[in-house]
2 protein chains.
Amino acid sequence: MKIRIGIMGYGNLGRGVECAIRQNPDMELAAVFTRRDPKSLSILTPGVPVCAVEDAIEMQDRIDVMILCGGSATDLPVQTPYYAQYFNVVDSFDTHAKVPEHFETVDQAAKKSGKVAVMSVGWDPGMFSLSRAYGEAVLPQGSVYTFWGKGVSQGHSDAIRRIDGVQDARQYTIPVEAALEAVRGGSDPVLSTRQKHTRECFVVAKPGADLAKIENEIKTMPNYFDEYDTTVHFITEEELKREHGALPHGGFVIRSGKTGWNEEHHHVIEYSLKLDSNPEFTSSILVAYARAAYRLQQEGGKGCKTVLDIAPAYLSAKSGEELRKSLL
Amino acid sequence: MKIRIGIMGYGNLGRGVECAIRQNPDMELAAVFTRRDPKSLSILTPGVPVCAVEDAIEMQDRIDVMILCGGSATDLPVQTPYYAQYFNVVDSFDTHAKVPEHFETVDQAAKKSGKVAVMSVGWDPGMFSLSRAYGEAVLPQGSVYTFWGKGVSQGHSDAIRRIDGVQDARQYTIPVEAALEAVRGGSDPVLSTRQKHTRECFVVAKPGADLAKIENEIKTMPNYFDEYDTTVHFITEEELKREHGALPHGGFVIRSGKTGWNEEHHHVIEYSLKLDSNPEFTSSILVAYARAAYRLQQEGGKGCKTVLDIAPAYLSAKSGEELRKSLL
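Residues numbered from 1 in each chain as written. Chains lettered and ligands numbered in written order. Predicted model: local features only at pLDDT ≥ 70, side-chain atom pairs only at ≥ 80, totals over all residues. Heavy atoms only, no water.

## Comments concerning the side chain of R291 of chain B
So, point 1. Checked against the element boundaries, R291 of chain B lands in helix 10 (residues 278-298).
So, point 2. A polar side-chain atom of R291 of chain B sits 2.6 Å from the main-chain carbonyl oxygen of L315 of chain B. (Helix = DSSP H or I, 4+ residues; strand = E, 2+ residues; numbered from the N terminus. Polar contact = N/O pair within 3.5 Å; in protein donor to acceptor, adjacent residues only side chain to side chain.)

## Points about the pairing of strand 4 (residues 65-68) of chain A
All names here are of chain A.
So, point 1. Side chains of strand 4 alternate between two faces, with V65 and I67 and M66 and L68 buried alike.
So, point 2. Sheet analysis places strand 1 (residues 3-8) next to strand 4, joined by four bridges and oriented parallel. Its bridge partner being in strand 4, G6 is matched across the sheet by M66.
So, point 3. Both strand 4 and strand 5 (residues 88-90) contribute to a ladder of three bridges, which runs parallel. Residue pairing across strands places M66 opposite V89, the latter belonging to strand 5.
So, point 4. Note that the unit made of strand 4, helix 2 (residues 75-83) and strand 5 has a crossover that is right-handed. (Buried < 20%, exposed > 50% of the residue type's maximum accessible area, 1.4 Å probe, protein only. Pairing = 2+ DSSP bridges. Right-handed = clockwise from strand over helix to strand, strands pointing away.)

## Observations regarding the relation of the copies chain B and chain A
Both copies of the chain are related by one operation, a rotation about an axis with a shift along it.
So, point 1. With an RMSD of 0.1 Å, the fit of chain B onto chain A corresponds to turning through 180° and sliding 0.0 Å along the axis. Such a combination of turn and shift is consistent with a two-fold rotation axis. For chain B, the smallest separation between a C-alpha atom and the rotation axis is recorded for A311 of chain B, amounting to 1.9 Å.
So, point 2. An overlap of 100% is found between the interface residues of chain B and their copies at the interface of chain A, pointing to a shared contact surface. (Least-squares fit on C-alpha atoms with pLDDT ≥ 70 in both. Contact = heavy atoms within 4.5 Å.)

## A look at the interface of chain B and chain A
So, point 1. Taken residue by residue, the interface counts 68 residues in chain B and 68 residues in chain A.
So, point 2. Across the chain B to chain A interface the summed buried area is about 6,200 Å²; carbon plus sulfur atoms make up 62%.
So, point 3. Contact with chain A buries surface across chain B, with Q23, W261 and L328 of chain B losing the most and accounting together for 15% of the total.
So, point 4. Our count for the contact surface shared by chain B and chain A stands at two salt bridges. (Buried area = accessible area lost by both parts, 1.4 Å probe. Salt bridge = Lys/Arg side-chain N within 4 Å of Asp/Glu carboxyl O.)

Here it is in C-alpha cells:
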C-alpha cells in the first residue's frame, strides 16, 4: 500500500510537492486542499480531488501525511498545531527565532493526538541544519559558516516591490568568493555581514518614477540592505520576465576544525547546494520527511520532531538491508 | 558523569581517538588496550592505564563504550562481535563487500548482550554514506558520484612496498578535475575508472634496483593500478620523509538530480572533505558515534547500527532544545 499524501496549500511549494510525489513510487497524492474555490484550481495529477480547506478533517482516513505548504509568517504557526491534531504533518517553518515556540505548540498537539509532526523541513532550516550538526559533532573544535546564494531571495524581492514607484523586482543574494576562500583556507576569519554576501537587484520602475530615489531607498533599507554592498539595475518588464523568471538558489555550509593533541591538523567539511528551483528542491525534502513521519508513527512514535531527531534511513524507501548494501 | 571510553588498539586510529576525547568535555579516556607489552607503550593522556587486551573483559564496569581501532581485514571481523558481548562498541569496518555479513554477526552478539554496536563509522563508509543516503532520498531521480582524494591511500602505498627493489613508497589518489566538473554540470556522465581518478606514486628504490622494472610493475599491477593513469616518481628517502610524511585525504560525494513535472530543473548537492589527517578525522567521527552508542543503550536500544540508523542529535553533547535553538 502506498503512503497517501495530502497537500495543504497549492502555491510554488504545493506544486513542487505534487511533482516530487510522482518521483517516489511508494507514495501517492490523495488530495490537494486550497483556500481558493476548489473548482477554480487545476492541478497536474489526473484524477486527484481538489478540496476546500474546511473539508480536510473529515478526510482523516484517506490521508497518511499532510504536507503543509503555507508560509511561516502567518499560516504555519496556526496550521501546524491545528492539523497535528488530526494528521501526521510536515512543515517548512523557517522563522529561526520562533523555532522553540513553534516546536512547543506543535509537540503538545502531536503528543496528544498520537501523531508525528516534522517541522522546519527544507534546506535551511533542514539540510543545512544537518550539515551544521554533523560538522559540529565530528569536529567539535572549530567554526561553522553558512553562505547563501547565488539565488533569488523572495523576501528581499518583496521588500523592493513595496517601494513607491517600483512595479516589479528580483533580488539575488551572492556569497563573496574571497570570504568563501578565507573560510576554506582555515584561518577562521571573523566576517561581517557585508563581507559575507552582496545583493544585486533588478528593478522595473513605473513610468516616470524617480530612479535615483528608488535606488537610494533600496540601498538604505534597514535590515534588508543597509548592511550590504548592494547593486541596483533598472531593466524593462520584458527583460525581468526573460532573464529573471526562475527561482534558483543554493549555498554553502562550511565546517572548519582542528584535531590532534596540539590541534596541529586542519580539516574542512563543505556542503553545498546549487538549485535550479528553490521551491521544488524544498518540496522534494518535504516529501522524503513525509515518508519518515509516516514510518515513525507506524512504529508508535509521536510528537514534534526536526531533521536532527530523525535517522537518515527513515527517509529512504529502501530497506535497512538494501541501504547497507548499496550506500554504506 | 562523563562517558568512559576504552580504546582497543593503539595505532594511528587509537591515538586519534585519544586526541578526540580530549576535545569532548563530556567524555573521558578510561583505558587503552594493546596486544604489545603494556609497559612498552607510552600514551599521551596522563594517569590513564594501559592494559593488555586480555584484561578488557574484567573492566566492563569501568567502560561505557569500547572503540575498536583495529583493521578491517583480520581484526574487526573477530573483535567487533566478540567485544559486543561485553561492551557498547564502535568500529570503522570498511570492507564494503563484507558489510552485510559483519552486520549480521555483530547484530546477533549485541542483541544477545543488550549492547549497542555501531559499525562502519568513519568518512567512507560513514559521512560519505550519509551524504549518499540523504542525496538519494531528497533527489530520487538522479545519480551519485563519489571521488576520493587528493590523498594518501595506505593500501596502494603498501602494494608498492611489496614490489622487489622498493624500499618505501607513498601513493596519492587524485580525482580528475574534468570529471568533477562534468558531474557538477549535470550531464550525468558515464565515467570509467580511468576517467575518475589518477594515481601518483613517490617511490624510494633500494640501491641498484631496476627503476624501469619497478615502474612497469606498478603501472601494470592488477586492480591497484592497471585501470588508472599512473605516474611514478623516484625520490630519496629524505625527500619522502620531508615531503610525504603526512596522511592527508579527502573526497567528494556529488548527487545530481532533477525535479519538476517534466524533470526540467536540475540540482547539485555536493559534500566534500579536505583533511590534513585521515586517521585523526576518522577517530573524531568514531568518538561522536561512541556518544550515540552510549545514549542509545541508555534508552534501551540494542543491536548493530550504522550511521544510517542513528539520528544526528545523538552525536551531539547538546540537548534537543539547544540544538533546535542554535543549529536549526
